[in-house]
Amino acid sequence: MMELFAFYNVENLFLPDPPPLHRLDPTRSGLRNWDERKYRIKLSKIAHVFRLMKEQYGVLPCIIGLCEISGRKVLEDLLTLDPFSSQYGILHYNSLDERKVDVALIYDKSKIEVLDSEPITFFFEIVDRNPENYDTTRDVLFAKLKLGSEIINVFVVHLPSKREKDINLPKRNFILNEIRSKVLKIMQTDNEKVIVCGDFNENPDEENLVNFLFDNSRNKVLRNPFQNLYSNKKYSTFHYKSGLLFDQIILSENFFDKDTKWQFYKADVFSPESIRARQRNSEDRPFRTFAGTRYLGGFSDHYPVLVSLKENLI
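Before going into details, it helps to say that this report is about the structure given with it. Please read all numbers here as calculations on a predicted model, not as lab measurements.

1. Considerations on unusual backbone geometry
Between D82 and P83 the backbone carries a cis peptide bond, its omega angle lying at 15°. By the element assignment, P83 lies in the loop between helix 2 (72-79) and strand 3 (88-92). Within the chain, R218 stands out as a residue other than glycine whose phi angle is a positive 65°. Its identity is not glycine, yet Y240 carries a phi of approximately 55°, on the positive side. Tracing the backbone through its elements, the reader meets Y240 in the loop between strand 12 (237-239) and strand 13 (242-244). For Y240, a relative accessible area of 69% translates into the label exposed.

Structure representation (structure tokens):
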């Protein structure tokens with residue numbers, strides 16, 4: 001038996017904006033002319049990606065991490081659609097992110113039991129007691145889940161982006177170190193399985209992510225199967241001419257034990273031809289919803305990534 005674990009940056013999944021009072025008024029979403037019709041198209045496109053995934057793999061992912069979603073309602077609307085058909089549960093917390101985008105986790109209620117969940121919030125500078133003035137970022141979502149008889153601890157991240165000569169590198173480093181401390185505590189105390197997934201805004205070979213895989217004694221405690229994919233030029237998103245693999249799923253070493261219940265089998269970037277860009281010279285790139293302010297009507301500017309877990313009959 002095989003199960004899938006997926007992560008997808010769905011590119012600005014916002015509720016439709018109310019009609020502006022004045023033509024040049026700023027919108028809640030920050031998107032241009034984001035109305036009900038475009039929102040419904042976006043939802044159907046994302047659902048279609050998972051239908052394609054089910055066709056290719058024979059099963060829907062039982063756990064899906066998501067980022068760039070704004071609020072719980074967009075997830076509720078998504079999960080009414082085929083192939084989810086309201087059989088999936090939602091884990092989501094509103095964060096203090098300045099763009100109002102969050103991470104979330106959806107899961108197959110027939111296969112997954114939620115034991116615990118919480119948001120992990122990061123403040124980098126508190127000017128006063130007004131939350132509007134906090135220097136913060138998107139929360140990390142933590143969930144303790146049970147798949148069959150086995151507990152899997154999941155962290156869903158969307159780390160601060162690379163911009164302005166990578167001013168956010170220290171923030172990404174700080175968040176990764178905090179998560180690593182929590183992972184080490186789980187493994188040392190309970191020896192339970194751990195998955196850290198998300199948009200890391202770094203490639204798998206960058207120093208932050210390489211160091212993340214080791215404990216304080218330089219023993220390897222986590223494994224990143226996306227290192228090998230990146231070295232083979234498999235990309236989940238693009239920036240100008242550069243292919244990037246910012247979207248990754250990192251697993252604890254006990255997923256690779258021979259006598260474990262759920263064993264790592266394969267990692268992949270899901271990029272079937274039908275969700276790729278249509279323009280010439282862009283065949284490898286995702287068909288995105290927006291290019292700047294220009295509406296294209298595509299899926300997302302990222303491809304989903306996934307890992308296959310094989311059930312070991314022990």
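2. Quick notes on helix 2
Taken together, the buried positions of helix 2 are occupied by V74, L75, D77, L78 and L79. If you follow the buried residues of helix 2, they end up packed against strand 1 (2-13), helix 1 (36-57), strand 2 (63-69), strand 3 and strand 4 (102-108).

3. Notes on the packing of helix 1 against helix 2
Viewed as axis vectors pointing N to C, helix 1 and helix 2 meet at an angle of 60°, and their least axial separation amounts to 9 Å. Regarding the angle of helix 1 to helix 2, the classification is oblique. By crossing handedness, the relation of helix 1 to helix 2 is classed as right-handed. Residue-level inspection shows Y39, R40, L43, I46 and A47 of helix 1 in contact with helix 2, the latter providing K73, V74, D77 and L78. Here the residues of the contact of helix 1 with helix 2 sort into six nonpolar, no polar and three charged.

4. Some remarks on helix 1
Along its 22 residues, helix 1 runs 32 Å from first to last C-alpha, staying within 8% of the 32 Å computed at 1.5 Å per residue. Among the residues making up helix 1, those that are buried are K38, Y39, K42, L43, I46, A47, V49, F50, L52 and M53. Packed against the buried residues of helix 1 are strand 1, strand 2, helix 2, strand 17 (294-295) and strand 18 (305-311). Of the residues flanking the end of helix 1, it is G58, one or two places downstream, whose phi is positive at about 80°.

Conventions used here
Residues numbered from 1 in each chain as written. Predicted model: local features only at pLDDT ≥ 70, side-chain atom pairs only at ≥ 80, totals over all residues. Heavy atoms only, no water. Helix = DSSP H or I, 4+ residues; strand = E, 2+ residues; numbered from the N terminus. Buried < 20%, exposed > 50% of the residue type's maximum accessible area, 1.4 Å probe, protein only. Contact = heavy atoms within 4.5 Å. Axes fitted to C-alpha atoms, helices over the stretch in contact; angles between N-to-C directions. Parallel < 35°, antiparallel > 145°, perpendicular 65-115°, else oblique. Left-handed = near helix turned anticlockwise from the far one by under 90°. Nonpolar A, V, L, I, M, F, W, Y, C, P; charged D, E, K, R; others polar. Expected span 1.5 Å × (residues − 1).

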